[in-house]
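Spelled out, the chains give:
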Amino acid sequence: MSTHFSVSVHCLLLLSFSAPERITSALIAGSVNTNPVVVRRILGGLKKAGLVDSSPGTRGFYLAKPSSEITLAMIYQAAKDEGPLFPIHGNCNPNCDVGLRIDSLLTNLYQVAEAKVEQFFASITLEDMERSCSQLEVPSHAE
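From a predicted model like this one, the values you see are computed outputs, not experimental measurements.

Draft legend 1. Region of the structure containing the overall build of the chain. A count of helical and extended segments in the chain gives six helices and two strands. Written out in order from the N terminus, the α and β elements of the chain read α-α-α-β-β-α-α-α. For 143 residues, the compact-globule estimate of 2.2 N^0.38 gives 15 Å, and the C-alpha radius of gyration of the chain, at 19 Å, exceeds that figure by more than 25%. Projecting the C-alpha coordinates of the chain onto the three principal axes gives extents of approximately 60 × 35 × 35 Å. Looking at the chain alone, contacts between residues at least 24 apart form 63% of all its contacts between residues at least 6 apart. Carbon and sulfur atoms form 55% of the exposed surface of the chain, whose accessible area is close to 9,300 Å². For the chain, the distance from the average site of its 11 positive side-chain charges to the average site of its 14 negative ones is 8 Å.

Draft legend 2. Layout of the side chain of Ser-8. Note that Ser-8 resides in helix α1 (residues 4–18). Among the polar contacts made by the side chain of Ser-8, one reaches the main-chain carbonyl oxygen of His-4 at a distance of 2.7 Å. The residues touching Ser-8, leaving out its near neighbours within four places in the chain, are Ile-42, Leu-46, Ile-75 and Ala-79.

Draft legend 3. How the structure looks around the pattern of salt bridges. Applying the stated rule across the entire model yields three salt bridges. In this structure, Asp-53 engages Lys-47 in a salt bridge whose closest nitrogen and oxygen atoms are separated by 3.9 Å. Overall, Asp-53 belongs to the partly exposed group, its relative accessible area being 27%. The partner of Lys-80 in a salt bridge is Glu-114, and the shortest N-O contact between them spans 3.5 Å. Note that Lys-80 is positioned in the loop between α4 (72–79) and α5 (97–121) and Glu-114 in helix α5, a separation of 34 residues in sequence. Residue class for Lys-80 comes out partly exposed when judged on its relative accessible area of 31%.

Draft legend 4. Focus on the nonpolar core. Core analysis: the largest hydrophobic core is formed by 29 residues, its most contacted members being Phe-5, Leu-12, Leu-15, Ile-28, Leu-43 and Ile-75. Only α1, α2 (25–32), α3 (36–48) and α4 provide two or more residues apiece to this core. Looking at which element gives the most residues to this core, the answer is α1, with seven residues. Leu-15 has contacts with Ile-23, Ile-28, Leu-43, Val-52, Phe-61, Tyr-62 and Leu-63, leaving out every residue within four places of it along the chain.

Draft legend 5. A look at the side chain of Glu-130. Considering the arrangement of structural elements, one finds Glu-130 in helix α6 (residues 126–135). Look at Glu-130: it is buried, it has no salt bridge, and the nearest opposite charge is Arg-131 at 7.1 Å. Discounting chain neighbours no more than four positions away, the residues touching Glu-130 are Leu-13, Ser-16, Phe-17 and Ser-67.

Analysis parameters
Residues numbered from 1 in each chain as written. Predicted model: local features only at pLDDT ≥ 70, side-chain atom pairs only at ≥ 80, totals over all residues. Heavy atoms only, no water. Helix = DSSP H or I, 4+ residues; strand = E, 2+ residues; numbered from the N terminus. Rg over C-alpha atoms; globule rule 2.2 N^0.38 Å. Contact = heavy atoms within 4.5 Å. Areas by Shrake-Rupley, 256 points an atom, 1.4 Å probe, with all protein chains shown as cover. Lys, Arg positive; Asp, Glu negative; His and termini not counted. Charge placed at Lys NZ, Arg CZ, Asp CG, Glu CD. Polar contact = N/O pair within 3.5 Å; in protein donor to acceptor, adjacent residues only side chain to side chain. Salt bridge = Lys/Arg side-chain N within 4 Å of Asp/Glu carboxyl O. Buried < 20%, exposed > 50% of the residue type's maximum accessible area, 1.4 Å probe, protein only. Core = buried A, V, L, I, M, F, W, Y, C linked by side-chain atoms within 4.5 Å.

So this is what it looks like as structure tokens:
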């Protein structure tokens, strides 16, 4: 799995904390410490999923619905890659008894695990994440 999910949560938290003001992809990119093009691509996926919006002629993005109605499962679905959450390594030795079975052995296990992750994510809203974020102490950086 890539970092799209964590960057998506980061973007949505920024939008939520700044509401009702809009935020540009450049400002979000500065917080995420990445290129604005990467942020725009991620925001595009979130927009397609109905989680964020922007208006023509108006700079910046905003939440398309209240943070209490956005779950981590919705964000995960919008941000996940084409591949599975837990990819299985390929090119196993066909002469190995374990190598011949590892794909079948892990596929079902990983599907069950991903379903449990999504079920857990469905119980947490962006609003919950806002509260948790506000309560966390800012870590001190070692010099």
